[in-house]
Each structure stands twice: as C-alpha cells, then as structure tokens.
Number of protein chains: 2
Amino acid sequence: MTTLKDISQKTGYSITTISRALNGYSDIGTDTIKKVRDVALEMGYIANASARSLKTRKSWTIGVIFDEHSGIGLRHPLFANVLEEFKKAVEYEGYDVLFITRQKGKKPTTSFYNHAIEKSVDGVFVLCTDYQSSEYQELAKSNIPTVVLDHLSNNIYNIASDNRSSIADVINHLKDLGHTKIAHIFGDPLNFAGLKRREHFISSMLLQDLDVRSDFLVEGTTYTTEEGYAAMKVLLSIEDKPTAVFCAGDMLAIGAIRAIEDAGLKCPDDVSVVGFDGIDLGDYITPKLTTVKQKTKSMGRTSADYLINIIDGVIKNVAKTVYIDTELVIKESTKLLNTISVKYK
Amino acid sequence: MTTLKDISQKTGYSITTISRALNGYSDIGTDTIKKVRDVALEMGYIANASARSLKTRKSWTIGVIFDEHSGIGLRHPLFANVLEEFKKAVEYEGYDVLFITRQKGKKPTTSFYNHAIEKSVDGVFVLCTDYQSSEYQELAKSNIPTVVLDHLSNNIYNIASDNRSSIADVINHLKDLGHTKIAHIFGDPLNFAGLKRREHFISSMLLQDLDVRSDFLVEGTTYTTEEGYAAMKVLLSIEDKPTAVFCAGDMLAIGAIRAIEDAGLKCPDDVSVVGFDGIDLGDYITPKLTTVKQKTKSMGRTSADYLINIIDGVIKNVAKTVYIDTELVIKESTKLLNTISVKYK
DNA sequence: TAGTCCTACTTAAACGTTTAAGTTAAAAAC
DNA sequence: GTTTTTAACTTAAACGTTTAAGTAGGACTA
C-alpha cells in the first residue's frame, strides 16, 4: 500500500506538501503539483479513508436503516426502489451507503445510535424500522443528521407520499364509476402512512357526500396479501356488501382480489379494487391493478437532498413532513357499477 | 464524544489499560476491568471504528458490488434476495455491508478496486456487474478476498446455482407430460448462468432422446419480459411449433406467456412454459409459473461463509465453482400434451 | 534601504486506537 | 535471603491522514 510518506520519500517533498498537492491547495507550485500527482499515479496511491475520516471527522458514508421486522427486508419492492434511487443520489455527491443494524456480531446487540457513531456515518436514512422501539427513539433524539421515510418524529425530516390528493382522486374515480358503497382496508394505524391514508379516505368520502360505514373499515395491519384476503372475506360476509374497496397497499389489494375470486365472484365485474403503492407486481396480475403510484424515485432523491443539506448545515433538523406527490393509475381492477353481474346482489 | 483518553483521565489508568480492559485482555485486574467498563458505560463510550481500522488493518466492513447495468438495481428480485441473506450472515459475524461503486462523486470515476482499498473493506461480494469490464478484471486480479455470484473468473470463488440436475428434471417433467417438441429461450451466453443453462438444456434433451432443433433455440439476452415476449413470437411463427418452452429466467417466461395469450392461444393448454429463478412474481400471475427455484437464501449464506473463510485465511482464493442445488417447482403453466386444444395445430 | 507581502514550502501536533516493550512490586521458588 | 516468576500496570510509538503555525527567500512597496 502506498502512503503519503512513500510519495514524500520518493519526491523529496514533505508529507504536508504531498497531501496539499493531491488535494489541490493553492499554496503549492504548479510544477510540484504535477510532479506529485504523477508519482502518486505511478506508485498507485489510494487515500486511506479511515485515516482521513479520523482526522477530518467526515466519513463520506451514510448509514441506512432497513429493519423490516416482517422479515421481507431488501425484497420489499417499494423500499428497495426508494433505496435504489437514494443510493444513486448520495453516491453522486460522493457518499457511500452502509447498512446500519441493531445486530453487531453474535453479542447481545448494539443500538442504531452506537452503530452509527462507531462507524462515524455523516448521516442516517431510516427506510423502515420499529418506530416504537427505544433504539429508534435514541437515534431520533440524537443530533446525528437523519431523514426518515413515512414517519413523523421529533426533530426529524419526514419524507412521505402525499396521500391526500390522490386518495381524493381515488374516491372521485370510484364515484364517477357509480360506486357509493366503498370500503377501505386500512394499514397499521400506528404507522404514519396507515393512519394518514385512513384519515384521507374518510375525509374524501365525506367531501363527496358518501357515507363512511364503520363495518366497511377493516384493518390489514401488516400490508400482506394474507391480511388483504382475510379483510376482504370479512367485507364479503356483510349483508349489504361494498361494490368497491380501496386498499392501503397493493399487496392488500392483491389478497383482496384473490378473496373475491375464491368467493366465486369477479374483480372488477362484481367488486372494484384500488391499491396503493404502484409496485411492478400490480401490472402482472389479472386484472391489472388500479392503484395510487408512489413516486419512489422522487422519494429517494428528495430524501437524499434533504439529508445532504442537513449534513452540510444548510438546513436544520426539524420535525417537518415533505410531501411527494402521487398519481392515480387506472388499470383494469375498477369498473362501472351498472355492469355488475347478477349473481352479486 | 467519549474517547479512551477521557476514560483514562476519569479513572486514572493509562490509555493502554483502558483499551485492554475494554477488549478483555488477561493482564488487567478483574476489579480494574469492572471499574473501567462501568465508567465507559456511564460516559457513553463508543469505540471509533476509523481509528481502530487504521491501526488494526481490519475494517469489519464488506463491500458489495451490485452494478446492474440494466438499471434495475436493487429491485432485481433474485439478487435482492441473495443480498438480504448474505447481509444477515455477515452481520452475524460482525461485519457491516457497504456498497462499492465505480462512481464516486461527480468526478470521472474510480474503479471498484480503488474504492475497496480506499474504504479498506475486508472483502468484496460481487452480486452482478459487467464482467468484461476492466474495472471488474482489475478487482478480480487483486488479492482482495472476493466471492462472486454466478461468474467464473481467475482466482475467485464462484457461487452458482446447480443448473444441471434441475434442468434434467425440467426435461423429464415435460417428457412425462408427453412433450417432445421443446424449445428453449436462453439468456446471455456470455454470462455463466445463460451459458450453463443452455448447455444443460441441450444435454438433458439429448439424454432423453429428444431432438434439439436449432430453430427452437431463441435468445433472450437480458432476461426481460420484453425479450421473452419477442422470443416467443419467433417460436410461434414457426410452422411446426413447439408444445413446451423452457425459459432461462422467470421474466422471460412471463413475457412468453403474454405472447402466447396475445396470439389468441392459452398457456398451458396450447403451450407449456417453464421458467427459471423462482421469483415471487411467478406465484401471482395466471397461470402460476412452473419454474426452477434458485435457493437464494442458501446462495447468500454460502457466499458469506466462503468470503469470511477467505478473509480469515482458512481457505485460499481459487477459481472454483460452488454449486447450490435448485428445485423444480411444478405449478400451473405446464400441462399434459394430449389435452391440447384444437385451434393449436 | 528597510519594511511588508507573497509564494512555496516544512515542522510538529493531532485524530483515537492498538501493541511491543518495558516497569514495578509482590508472590513464589530454592 | 536472594533470585525468579507473575500480575498489573505504563510508556511510547505507530497506523495515514490533515492542518495550524512557522520559515525562508524573493518581490514589491514607500
């Protein structure tokens, strides 16, 4: 491994001069700079990030917390998309991405905070974790620059999809199709997205003079197809059934469609279904899913921008939600009410 | 931030004693150890990984190269699964995962090798990249402990799915169903997996005394649904059509099924389709995809095991392929030949 | 001509660890 | 009672950078 010392010995300049020449300081002669850079290249010099980080207190590394308790982890299509774009954006600014975990080795556990400090990350991006946990709280209270996706905490920027207008669009769309009996399978209400989508469902319904029936609100906490299936079964068991269902997640919607089919009915002929997320999968199933598409690229990029601005001290860490707009994408799982088949009464 | 020096000043012991006490060396008195650890805890001491790495030449960080030129990146379901398990396995051994890229900041570009050396990673796991590139070659030739997925290079362990036995199973399965006219949509033959699957398709066919027709071999280089769709169109335009198609990837298979449907035919009634990968998506489409499931968990875990053994010097870096077994999963996209509908002649 | 200002460097300390090589005093050996 | 061993600690250097402060000499100023 070549170090500054090696270049210093070879060229006769001091280590300081080598360092300053390589970093392009103005108090070094132009021919010295050229000489030093040539020798550095020739000797295959590569700066040591640990030494630099130790001295400068800047690691050029960003920690990512991706702690999916459901165990699906990186495979989660939505988060993976956001992370992908976030990664590209911070890399473009010169940062590397490091995963921060609670687990470190076989030992009991560290906390996110400890792990972040130990590795001297310049900032942290929280994609998902258990927000009630003390480990998360500890991190949130610290002064490590942090941006979090879809969760509002003290002192931390929250990057979230703007559910409001697109959910209004969903209700408008369904009303336009003649639906009035609209149900909602909602996500975990302890969770920012789950809570907000539910709130906006209710307010959008009322705004359109549609009744919000309590038996038409069913929980699908963990956003899985299984929960969507079970929730839809509950809805189908109601005497006066809904003709349309808005689901807080695409996987819930896919489960719901399965339940509809397993009950001998058809989507969208008997029940229209709308999802939320816009994952690729929705395009491959039959019928193709009408859904609210979250702009994952924009979410990743915006998260990166805010985090870097906080790191650079351009903006302060505050509890503020930055909304990313969403888009209703109409596909095949929603249909005009009056075409409903006779067997569905 | 608390350092060893702070604890040293508070307790009166030397920095060395503090360090050795915290690291559990045997030449420190038991009550000293207790005292030091208590004070460390009380002062919120967290070891600085940069300083430690600088001195010990061990960063407890593993670099991951995930350089999907197709641009799909982290969203790729197969690689994401492998990475997820790899990550868990190395984290359990105390390592963190850092993404290694060619791009570093806005500047021209670094190489993977430079990036890995700069961040002093202890090893590198190559999930996917352009294996022909000089950047990859440079890394492969270096003596950085490296394990690569599905590609054979000099001096590097290759972790790959065992295509042989499962592809034989595929052919057996199709033959059992009465198929003899079997086509293959193959992946990039410059790529280890693409090449091997094609080879094993041919040898398995011959072993079963089935003819391998050259017009039944169509390329689907980049494994996308679009390529599968196009390749299937070519196959359907042949006078004496195949009754079954084995695709080198699930996305190819999904595209192929679409082409079949768009041609007014049905899968599996008119053409049976078999995929390769076992991605979740295959279970959500209609018909559910018969496919060869790659054991992504096992691949991730095995890659981690080998890499750590190389890092620890337990085994040497050599050009050797470690095969992970695969499994034929029969679902709905394959069917008995004699049930084929009349319109398909 | 003396003073000031540049330019192009160097010295030395520091960042927070680890570790080889001591040191000291008490205990054990003979 | 002297020597040897051991336990429990310390000193000082090192890892590879960056950086505040300094220096030497030439050029400009007045």
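We now turn to the structure provided with this report.

Rules behind the numbers
Residues numbered from 1 in each chain as written. Chains lettered and ligands numbered in written order. Predicted model: local features only at pLDDT ≥ 70, side-chain atom pairs only at ≥ 80, totals over all residues. Heavy atoms only, no water. Near = heavy atom within 4 Å. Polar contact = N/O pair within 3.5 Å; in protein donor to acceptor, adjacent residues only side chain to side chain. Pairing = 2+ DSSP bridges. Helix = DSSP H or I, 4+ residues; strand = E, 2+ residues; numbered from the N terminus. Axes fitted to C-alpha atoms, helices over the stretch in contact; angles between N-to-C directions. Contact = heavy atoms within 4.5 Å. Buried area = accessible area lost by both parts, 1.4 Å probe. Salt bridge = Lys/Arg side-chain N within 4 Å of Asp/Glu carboxyl O. Least-squares fit on C-alpha atoms with pLDDT ≥ 70 in both. Buried < 20%, exposed > 50% of the residue type's maximum accessible area, 1.4 Å probe, protein only. Right-handed = clockwise from strand over helix to strand, strands pointing away. Nonpolar A, V, L, I, M, F, W, Y, C, P; charged D, E, K, R; others polar. Expected span 1.5 Å × (residues − 1). Phe/Tyr/Trp six-rings, centres within 6.5 Å; stacked < 30°, edge-to-face > 60°. Lys NZ or Arg CZ within 6 Å of the ring centre and 35° of its normal.

### Considering the protein's contact with DNA strand C
Then, number 1: Near DNA strand C lie 28 residues; those nearest to it are A:Thr16, A:Thr17, A:Thr32, B:Thr16 and B:Ser19.
Then, number 2: In DNA strand C, the atoms that sit within 4 Å of the protein are 61% sugar and phosphate, with bases accounting for the remainder.
Then, number 3: For DNA strand C, a base oxygen lies 2.7 Å from a polar atom in the side chain of A:Thr16.
Then, number 4: Take B:Lys55: an N or O atom from its side chain is 3.2 Å from a base oxygen of DNA strand C.

### Observations regarding the sheet that holds strand 12 (residues 326-329) of chain A
Residue and element names in this part refer to chain A.
Then, number 1: Taken together, the six strands give an open sheet; going across it, the order is 7-6-8-9-10-12, and neighbouring strands pair in mixed fashion. The strands lining the two open edges of the sheet, one partner per strand, are strand 7 (217-219) and strand 12. Each strand of the sheet is rotated relative to its neighbour by a mean of 15°, with strand direction disregarded.
Then, number 2: As defined by bridge partners, strand 9 (residues 272-277) adjoins strand 10 (residues 290-294) across four bridges and the pair is classed as parallel. Looking at the pairing, Asp277 lines up with Lys293 of strand 10.

### Quick word on the interface of chain A and chain B
Then, number 1: The interface of chain A with chain B comprises 53 residues on the first partner and 53 residues on the second.
Then, number 2: Summed over both partners, the interface of chain A with chain B comes to about 4,700 Å²; 57% of that surface belongs to carbon and sulfur atoms.
Then, number 3: Linking chain A to chain B there are two salt bridges.
Then, number 4: A:Asp96 is the partner of B:Lys119 in a salt bridge, and the nearest nitrogen-oxygen pair spans 3.5 Å.

### As for the relation of the copies chain A and chain B
Then, number 1: Turning chain A through 180° and shifting it by 0.0 Å along the axis lays it on chain B, with an RMSD of 0.1 Å. Put plainly, the chains are arranged around a two-fold axis.
Then, number 2: A shared interface surface links the copies, since 100% of the contact residues of chain A are contact residues in chain B too.

### With respect to the pairing of strand 8 (residues 244-247) of chain A
Remember that side chains alternate between the two faces of the sheet whenever the strand is regular.
All names here are of chain A.
Then, number 1: With burial as the criterion, each face of strand 8 is covered, one bearing Ala244 and Phe246 and the other bearing Val245 and Cys247.
Then, number 2: Where strand 6 (residues 182-186) and strand 8 come together, four bridges link them in parallel fashion. Directly across from Ile185, in strand 8, lies its bridge partner Cys247.
Then, number 3: When strand 8 meets strand 9, the two strands line up parallel, connected through three bridges. Note on strand 9: the bridge partner recorded for Val245 is Val273.
Then, number 4: Considered for its hand, the β-α-β crossover made up of strand 8, helix 11 (residues 250-262) and strand 9 is right-handed.

### Quick notes on the protein's contact with DNA strand D
Then, number 1: Of all residues adjacent to DNA strand D, which total 27 residues, the nearest are A:Thr16, A:Ser19, B:Thr16, B:Thr17 and B:Thr32.
Then, number 2: Among the atoms of DNA strand D close to the protein, meaning within 4 Å, 62% are from sugar or phosphate groups.
Then, number 3: Within the backbone of A:Leu4, a nitrogen or oxygen atom sits 3.0 Å from a phosphate oxygen of DNA strand D.
Then, number 4: A distance of 3.4 Å separates a phosphate oxygen of DNA strand D from a polar backbone atom of A:Asn48.
Then, number 5: Elements with a minimum of two residues in the surface near DNA strand D: helix 2 (15-22) and helix 4 (49-56) of chain A together with helix 2 (15-22) and helix 4 (49-56) of chain B.
Then, number 6: The element that contributes the greatest number of residues to the surface near DNA strand D is helix 4 of chain A, accounting for four residues.
Then, number 7: Class assignment for the residues of the surface near DNA strand D results in ten nonpolar, twelve polar and five charged.

### Considerations on the pattern of salt bridges
Then, number 1: Summed over all chains, the structure comprises 32 salt bridges over all chains.
Then, number 2: The closest approach of N and O atoms between A:Lys34 and A:Asp38, which form a salt bridge, is 2.9 Å. Placement of both A:Lys34 and A:Asp38 in helix 3 (residues 30-43) is noted, with a separation of four residues, approximately one turn of the helix.
Then, number 3: Residue B:Arg102 is joined to B:Glu135 by a salt bridge in which the shortest nitrogen-to-oxygen separation is 3.5 Å.

### Concerning the side chain of A:Thr296
Residue and element names in this part refer to chain A.
Then, number 1: You can see Thr296 is positioned in helix 12 (residues 296-311).
Then, number 2: Look at Thr296 and you get buried, because its relative accessible area is 11%.
Then, number 3: Look past the residues within four positions of Thr296 in its chain and what remains in contact with it is Leu78, Asn81, Val82 and Glu85.

### Quick word on the pairing of strand 10 of chain A
All names here are of chain A.
Then, number 1: In terms of burial, strand 10 is largely enclosed, as four of its five residues are buried.
Then, number 2: In this structure, strand 10 lies alongside strand 12, joined through four bridges in antiparallel fashion. Counterpart to Thr291 in the pairing with strand 12 is Val329.

### Focus on helix 9 (residues 192-207) of chain B
Residue and element names in this part refer to chain B.
Then, number 1: Its 16 residues place the ends of helix 9 22 Å apart at the C-alpha level, agreeing with the 22 Å of an ideal helix rising 1.5 Å per residue.
Then, number 2: Along helix 9, the positions that sit buried rather than exposed are Phe192, Ala193, Gly194, Arg197, His200, Phe201, Ser204 and Met205.
Then, number 3: The opening residue of helix 9 is Asn191, an N-cap whose side-chain oxygen sits 2.9 Å from the backbone nitrogen of Ala193.
Then, number 4: Remark: Asp209 follows helix 9 within two positions and exhibits a positive phi of approximately 60°.

### Side note on the packing of aromatic side chains
Then, number 1: On inspection of all chains with the given rule, the structure shows 15 aromatic pairs over all chains.
Then, number 2: Centre to centre, the rings of B:Tyr131 and B:Tyr136 are 5.0 Å apart; their planes meet at 90°, and the pair counts as edge-to-face.
Then, number 3: Members of the aromatic cluster, each reached through a chain of ring pairs, are A:Phe201, A:Phe246 and A:Phe276.
Then, number 4: In this structure, A:Lys87 is placed above the aromatic ring of B:Phe99, and the distance from its NZ or CZ to the ring centre is 4.7 Å.
Then, number 5: Lying across the ring of B:Trp60, B:Lys58 places its NZ or CZ 4.4 Å from the centre.

### Thoughts on the sheet that holds strand 9 (residues 272-277) of chain B
Strand-to-strand pairing in sheets goes through backbone hydrogen bonds, with the strands running parallel or antiparallel.
Residues and elements named next belong to chain B.
Then, number 1: Ordered by their spatial adjacency, six strands build an open sheet running 7-6-8-9-10-12, and the pairing between neighbours is mixed. Each of the sheet's edge strands pairs with one partner strand only, and the pair in question is strand 7 (217-219) and strand 12 (326-329). Going across the sheet, the axis of each strand differs from the next one's by a mean of 15°, ignoring polarity.
Then, number 2: Packed on one face of the sheet, helix 11 (residues 250-262) meets strand 6 (182-186), strand 8 (244-247), strand 9 and strand 10 (290-294) and runs near 160° to strand 9.

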